[in-house]
Structure formats: structure tokens, C-alpha cells
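Reading the structure
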Amino acid sequence: MTSVLVTGCAGFIGSHLVDFLLSKGATVTGIDNFRTGKRNNLASALANPRFVLLEMDICDSSLLQRVAETYDTIFHLAAVSSVKLSVENPALVHRNNVDGTLNVLELARIRDAKRVVLSSSAAVYGNPSSLPVNEESPLNPQSPYAASKISAEEYLVAYGNSYGIEPVILRYFNVYGPRQTCSEYSGVLSIFINQALNSEPITVEGDGKQTRNFIYVDDVVRATYLASEANRARGETINISGSEAISVLQVAQAVLSAVGQTSSRIVHLPERKGDLRDSIGSMSKARRLLRFKPQVSLNDGLRRTVEWHQLESCSP
Ligand code: UD2
């Protein structure tokens, strides 16, 4: 691997991916508008001469002028990733996730990128009729966020067919780990850990029996890297999911015991609009095409994430 572009490079997953790619010897250009990304996340990358940071929005019409090189691979992670925010502000999510993706694909076309790896989401499946959900399952968006990811996927496929770019679509399930922010629009684990550390009530939305396949960020990064390297991944859509299914209520209890918190209590809030009931992914395609299997158990991942929260502030 030689020269790669990472959009969303200062974000939670993007910044871990940048660190990993640099450790593999790649030359990395990163783009971020710092809406939710943080400069802190790039502390080690910025000290590396093989890393170049472009502070800009992927939607800017100046993207092509600012990014003049050719890249072997574009990792497209820049997006609004919150289901909740998408229900409140669908136009914002459309602009970032659909218009932004189109702009990145134009860049890929004009600068002759070989492969584009899109970070999509399990949200595209909605509430499937059978679990675990595999890549052939029908798409059924329950939120504007899910619709935006389906559009981004379709544009990627169309650019593959029209211009010969190698598309790879990764449908991430629920990713957690260090550097995840903890605003009301962040992933549930960082919210719960932050609440537990501050002795605040743990806010379970709905009955808490909805289930998720949490996957630790290092595993997601490894899968994303494998997707950029594997010949077999060309043109494929692949679930990237954790292996342990757990309910939100169980995860709240796991967080309380990982933090060692005895005074926080669990409170129930109304169920979220656009929320999925069960999101459990089949991993057989990732195993077959990428030889990928998650390595970090939920217990270990939770412990590492709690340790990070104890040292760093996870401001919004
Ligand atoms: C996550 C990702 C999304 C996408 C998807 C893939 C985030 C913010 N969202 O959506 O980008 O990749 O997974 O399937 O990472 N909840 C509570 N209390 C809270 C916050 C959340 O009970 O304070 C519940 C929420 O109602 C939902 C579950 O926890 O049932 C997970 O919520 P989430 O926002 O972490 O993630 P999700 O699955 O909507």
C-alpha cells in the first residue's frame, strides 16, 4: 500500500484508521471539517511526516482543487453518523452523507483512484425478517440516516459500473471504543460510560430489550484495512459486525460493573424514533472474503474504553 486518502480522518473511527495505516507504512492524506472530529485524535498522526491534514468539508466545491494527487485507495468515512440527528435534521444528513459522497466519488473519478472503501451502516437493513442479517437481505430504511447510507452505497456501485473504480461497501454494526464522543448524538456505550463515571442515571431508551452486535474500533479498523487489500473484496458489500449480541439493558449493566459504579440507577426514556429493534449481523461473508473475525471481546473492549474515558474527556 502506498498512498491513501481518508475522509473523516479526525473522527472516532477515521483517526484510528489513520494511525493503523501509518503503522503499515502508508502515506496518508486526511480530510476533516472538525464538526465532530478532534485535533487531539490526530496527535500521533500529525507528528508523522507521512501524514498530511487537509482541514475542509467534503461537500466544498474546492475539494478537487485542494486534493490534486492520485490515491490507490480512498477510505470514505466522513459522515453524520447519528440516527437521532438524522430524524431531527434530515437535510443536514443528506448534504453530508449523500452530496458529500458524490463529491468524494467525483474526486475518485477525476483523480483515478483505484479503490473506494465506503463505511456504510447496518442501519440500511431496518428491521429484517430473520436474524442474523446477511448482505442479501432487503434494504428497508427506518430513518433518514439509513436512507442516506443506501444512497451513498448506490452511488458507489454506479461509479464502479460507470468508471471502473473498485467499490467496496462495509456495513458497520455498532462500533465503540476510545475517542468516541459522548453527546446525545453519540453511540450508546460512550453515553452510558460517561453517565456511570459521573454517577448520573443511565438513560435506557424504550424497554432496553433492543439488541445490538457491538464491535470494538480496533477490529473495525482491521476489517477496513483488509477490505482495501483483498482482491476478493472488489465490488462486494460486507457486514462488519461484532460476534456477541447483547441488549441495551444488559449493556447498561455491563457498563455499571466495568466502571464499578453502584450509585447510578437505570432510568427508562421513551423509545427513539427510527430506532431498530434488533441489529445482529451475519459475519460469514467477512470471514470468507476478508478472513476477518473480531478479536476483542465485549468485556475487554469495555474495560479499555472505560480506561480511556477515565483519562480523557469525551466532549461532544
Ligand atoms: C449505530 C450508529 C450508526 C450506525 C448503526 C449501525 C452511532 C451514534 N450510531 O446506530 O452510525 O452505524 O449503529 O447499525 O454510533 N440508546 C439508549 N440510551 C441512550 C442512547 C442510545 O438506550 O442514551 C439506545 C438507542 O435507542 C438504541 C441503542 O441504544 O436502541 C443504540 O443506539 P446508538 O445511537 O448507539 O446506535 P444505533 O444502533 O442507533
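Going by the structure above, here's the rest.
Residues numbered from 1 in each chain as written. Predicted model: local features only at pLDDT ≥ 70, side-chain atom pairs only at ≥ 80, totals over all residues. Heavy atoms only, no water.

**A closer look at the site of the ligand**
- Not every one of the 24 residues close to the ligand is listed here, only the nearest: S81, V188, T203, E205 and D275.
- The contact in question runs from an oxygen atom of the ligand to an N or O atom on the side chain of R272, over 2.9 Å.
- Protein chains bury 93% of the 730 Å² of accessible surface belonging to the ligand in isolation.
- Going through the elements one at a time, α7 (188-197) and β8 (202-205) are the ones with two or more residues in the shell around the ligand. (Near = heavy atom within 4 Å. Polar contact = N/O pair within 3.5 Å; in protein donor to acceptor, adjacent residues only side chain to side chain. Areas by Shrake-Rupley, 256 points an atom, 1.4 Å probe, with all protein chains shown as cover. Helix = DSSP H or I, 4+ residues; strand = E, 2+ residues; numbered from the N terminus.)

**A few points about the nonpolar core**
- Formed by 39 residues in total, the largest nonpolar core has its most connected members in V6, I13, L21, V28 and I240.
- For this core, the secondary-structure elements that each account for two or more residues are β1 (3-7), α1 (12-23), β6 (166-172), α8 (217-229), β10 (237-240) and α10 (284-290).
- Discounting chain neighbours no more than four positions away, the residues touching I240 are L170, R171, Y172, F173, I215, V220, A223, M283, A286, L290 and F292. (Core = buried A, V, L, I, M, F, W, Y, C linked by side-chain atoms within 4.5 Å. Buried < 20%, exposed > 50% of the residue type's maximum accessible area, 1.4 Å probe, protein only. Contact = heavy atoms within 4.5 Å.)

**Describing the sheet that holds strand β4 (residues 73-76)**
- Reading across from one edge, β3-β2-β1-β4-β5-β6-β10 is the order of the seven strands in this open sheet, with parallel pairing throughout. Edge positions in the open sheet fall to β3 (51-55) and β10, since each of these has one partner strand only. With direction set aside, neighbouring strand axes in the sheet form an average angle of 20°.
- Here α1 sits on the sheet in contact with β1, β2 (27-32), β3, β4 and β6, set at roughly 165° to β1.
- Across the face of the sheet, helix α6 (residues 144-163) comes into contact with β5 (115-121) and β6 while running at roughly 160° to β5. (Pairing = 2+ DSSP bridges. Axes fitted to C-alpha atoms, helices over the stretch in contact; angles between N-to-C directions.)

**Quick notes on the pairing of β1**
- Of all five residues making up β1, five are buried, and the element is well covered by its neighbours.
- Burial along β1 is two-sided: the face carrying S3, L5 and T7 and the face carrying V4 and V6 are both buried.
- For β1 and β2, the ladder comprises five bridges, and the chain directions are parallel. What sits directly across from S3, in β2, is T27.

**A few points about the packing of aromatic side chains**
- With the rule as written, the count across this model stands at four aromatic pairs.
- Where Y176 meets Y216, the ring centres are 5.5 Å apart and the plane angle is 70°; that geometry is what we call edge-to-face. Taken together, the positions of Y176 in strand β7 (residues 174-176) and Y216 in strand β9 (residues 211-216) put the pair 40 residues apart, joining distant regions of the chain.
- For Y176, a relative accessible area of 1% gives the class buried.
- Residue classification places Y216 among the buried residues on the basis of a relative accessible area of 4%.
- Through pairs of rings, three or more aromatic residues link up here, namely Y176, F214 and Y216.
- Positioned above the aromatic ring of F34, the side-chain terminus of R39 is 4.5 Å from the ring centre.
- Directly above the aromatic system of Y163 lies the positively charged group of R109, at a separation of 5.1 Å from the ring centroid. (Phe/Tyr/Trp six-rings, centres within 6.5 Å; stacked < 30°, edge-to-face > 60°. Lys NZ or Arg CZ within 6 Å of the ring centre and 35° of its normal.)

**Some remarks on the packing of α7 against helix α11 (residues 298-311)**
- Interhelical geometry of α7 versus α11 gives an angle of 55° and a closest axis separation of 10 Å. Here α7 is positioned oblique relative to α11, judged by the angle of their axes. For the pair α7 and α11, the sense of crossing is right-handed. Along its contact with α7, which presents L189, S190, I193, N194 and L197, the element α11 presents L302, T305, V306, H309 and Q310. (Parallel < 35°, antiparallel > 145°, perpendicular 65-115°, else oblique. Left-handed = near helix turned anticlockwise from the far one by under 90°.)

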